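# Coordinates in review
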Amino acid sequence: MQIAAQDVLIVVDVQNDFCSGGALAVADGDAVIDVIHHVAPRFAHIVLTQDWHSPAHSSFAAAHPGRRPFEQIELSYGTQTLWPVHCVQGSKGAEFHPALRLPQAELILRKGFHPHVDSYSAFFENDRVTPTGLAGYLAERNLNRVFLAGLAYDFCVAYSALDARRLGLPVVVLRDACRAIDLDGSVAKVEAEFAKSGVAVIESAALRQCCESKIHCIFAATEPQ
Ligand code: VGL
Ligand code: ZN
């Protein structure tokens, strides 16, 4: 697969709380970092997302007396999974993993900061109507095709992918650059939705091969060692 100048790599929520030892650690979550570092130099545009919750955020089980993490609850905008307290604004857990080195990223998009609405997607909050501003940013910067990597495959990556398709953008998920939570069949569920909505899922090696061939890839000349 060739990478073009209008492509953007969105690196989703590679934060301490989703990595080993974190409050909502995704199994093998830290493993995405190396894969992301391998593909990142191919992209002229990189955006990071950062889960960034207010204290006592409504997505935290602790904010609902008697409720436990991973249960579901009905909120004003629909069904919401309850999570352990994670990615609280300004906390260590909300910081990017210290091994993540993407100083070239041009935007850090924080999401989930409205106390009463969660935001898995980089594009819309969980009410599915409140925009984060990312669609406008991409449009204004003439960025079109979205590549996705990060955590978690079946939540924030998947919701971002499906919303990007809803906005009419081509979407490619880099499967080996993601790790999943897999809660009650969530991986199978989002993969069925990917197939229905035209989200492409590829291994990152498909990008490396393109560059290694040095034929089509516009970044071949600036390839890392
Ligand atoms: C995420 C659950 C809660 C994610 C964020 O980044 O996938 N999952 N908050
Ligand atoms: Zn969250």
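Everything here concerns the structure above.
Residues numbered from 1 in each chain as written. Chains lettered and ligands numbered in written order. Predicted model: local features only at pLDDT ≥ 70, side-chain atom pairs only at ≥ 80, totals over all residues. Heavy atoms only, no water.

### Comments concerning the overall build of the protein
The test is simple: Every helix listed is a DSSP run of H or I at least four residues long, and every strand listed is a run of E at least two residues long, numbered separately from the N terminus. The rule is simple: take the accessible area with a 1.4 Å probe, protein chains only, and divide by the maximum for that residue type; under 20% is buried, over 50% is exposed, in between is partly exposed. Any pair of residues with heavy atoms lying within 4.5 Å of one another is described as a contacting pair.
Each helix and strand counted, the protein has 5 helices and 8 strands in total. Listing the helices and strands of the protein from first to last along the sequence gives β-α-β-β-β-β-α-β-α-β-α-β-α. Taken across its 225 residues, the protein has 53% of its residues classed as buried. Within the protein, counting contacts between residues at least 6 apart in sequence, those at least 24 apart form 74% of the total.

### Regarding the packing of aromatic side chains
Where we set the bar: Ring pairs shown here join Phe, Tyr and Trp side chains whose ring centres sit within 6.5 Å, with only the six-membered ring taken for Trp; geometry is labelled stacked below 30 degrees between planes, edge-to-face above 60, and tilted in between. Note on criteria: charge over ring means Lys NZ or Arg CZ within 6 Å of the ring centre, with the direction from the centre no more than 35 degrees off the ring normal.
Taken as a whole, this structure holds 7 aromatic pairs when the rule is applied. Plain terms: the ring middles of Tyr153 and Phe194 are 5.9 Å apart, the flat faces sit at 80° to each other, and that makes the pair edge-to-face. Of this pair, Tyr153 sits in helix α3 (residues 153–166) while Phe194 is found in helix α4 (residues 186–197), placing the two residues 41 residues apart along the sequence. Across this residue pair, the class does not change: Tyr153 and Phe194 are buried. Ring-pair connections join several aromatic residues into one group, and the members of that group are Phe70, Trp83, Tyr120, Phe155 and Tyr159. Lying across the ring of Trp52, Arg110 places its NZ or CZ 3.6 Å from the centre. Above the face of the Tyr153 ring, Arg175 is positioned so that its terminal group lies 3.7 Å from the ring centre.

### Concerning the pattern of salt bridges
Heads up, the rule is: Throughout this description, the term salt bridge denotes a Lys or Arg side-chain nitrogen within 4 Å of a carboxyl oxygen of Asp or Glu.
Overall, the coordinates contain 10 salt bridges when judged by the stated rule. Two residues, Asp51 and Lys111, come together in a salt bridge whose shortest N-O distance is 3.0 Å. Of this pair, Asp51 sits in strand β2 (residues 46–51) while Lys111 sits in strand β5 (residues 107–111); the two residues are 60 residues apart in sequence, bridging distant segments of the chain. Residues Asp51 and Lys111 agree in their burial class; the two are buried. Several salt bridges share partner residues, and in doing so they unite Asp13, Asp51 and Lys111 into one network.

### Examining the coordination of the zinc ion (ligand 2)
In an ideal octahedron of six donors the angles at the metal are 90 or 180 degrees, and in an ideal tetrahedron of four donors they are 109.5 degrees. For the record, the criterion: Coordination here is defined by N, O and S atoms within 2.8 Å of the metal (3.2 Å for Na, K and Ca), and since water is not considered, a site can look incomplete. Metal sites are grouped by the angles between bound donors: all angles between 85 and 135 degrees with four donors is tetrahedral, opposite donors over 155 degrees apart with the others between 65 and 115 is square planar for four donors and octahedral for six, and any other pattern is irregular.
Taken together, Asp51 (OD), His53 (NE2) and His86 (NE2) make up the full set of protein donors to the zinc ion (ligand 2), lying 2.0 to 2.1 Å away. Taken together, the 4 donor atoms coordinating the zinc ion (ligand 2) span angles of 89 to 168° at the metal, a pattern that classifies the geometry as irregular. Here the donor residues for the zinc ion (ligand 2) map to a single chain with the spacing D-x1-H-x32-H. Residue His53 is located in the loop between β2 and β3 (72–75), and its partner His86 is located in the loop between β4 (78–81) and β5; the two are separated by 33 residues in the primary sequence.

### Points about the site of ligand 1
The condition is simple: Residues are counted as near a molecule or strand when any one of their heavy atoms sits within 4 Å of it. Polar contacts here mean pairs of N or O atoms no more than 3.5 Å apart (in protein, one a potential hydrogen donor and the other a potential acceptor; neighbouring residues in sequence count only if both atoms are side-chain atoms). Exposure was quantified through the Shrake-Rupley algorithm and a 1.4 Å probe, taking into account, for residues, occlusion by the shown protein chains and nothing else. Only Asp, Glu, Lys and Arg are considered charged in this grouping, and only Ala, Val, Leu, Ile, Met, Phe, Trp, Tyr, Cys and Pro are considered nonpolar; every other residue, Gly among them, is considered polar.
If you check the shell around ligand 1, you find Asp13, Phe18, Leu24, Asp51, Trp83, His86, Leu151, Ala152, Phe155 and Cys156 and nothing else. Contacts to ligand 1 include Asp13, whose side-chain N or O atom sits 2.7 Å from an oxygen atom. One of the side-chain nitrogen or oxygen atoms of His86 is found 3.1 Å away from a nitrogen atom of ligand 1. Protein contact buries 100% of the 260 Å² of open area that ligand 1 shows by itself. Looking at the shell around ligand 1 residue by residue, the classes come out as 7 nonpolar, 1 polar and 2 charged.

### With respect to the nonpolar core
For soluble globular proteins, nonpolar side chains are generally found buried alongside one another. Rules: Each nonpolar core is a collection of buried residues, namely Ala, Val, Leu, Ile, Met, Phe, Trp, Tyr and Cys, held together in the definition by side-chain atoms within 4.5 Å.
In this structure, Leu9, Phe123 and Val173 are the most contacted members of the largest nonpolar core, which totals 66 residues. Elements with a minimum of two residues in this core: β1 (7–12), α1 (32–39), β2, α2 (134–140), β6 (145–151), α3, β7 (171–179) and α4. Looking at this core, the element that brings in the most residues is α3, giving 8 residues.

### Some points on the sheet that holds β5
Each strand in a sheet pairs with another by means of backbone hydrogen bonds, the pair being arranged parallel or else antiparallel. Heads up, the condition is: The criterion for strand pairing is that DSSP finds at least two bridges linking the strands in question. Where helices are involved, their axes are fitted lines through C-alpha atoms of the stretch in contact, as for all axes, and angles between N-to-C directions lie from 0 to 180°.
Ordered in space as β5-β2-β1-β6-β7-β8, the 6 strands form an open sheet in which the pairing is parallel. Looking at strand neighbours, the two that pair on one side only are β5 and β8 (200–202), the edges of this open sheet. Ignoring which end each strand starts from, the neighbouring axes of this sheet average 25° apart. Taken strand by strand, α1 contacts β1, β6 and β7, and its axis lies near 140° from that of β7. Those strands touched by α3 are β1, β5, β6, β7 and β8, and its axis lies near 175° from that of β7.

### Some remarks on α1
Just so we agree on the cut-off: This arc describes the spread of directions from the helix axis toward the C-beta atoms.
Three or more residues of α1 are buried, namely Val32, Ile33, Val35, Ile36 and Val39. Angular distribution of buried residues about the axis of α1 spans 165°; they occupy a single face of the element.

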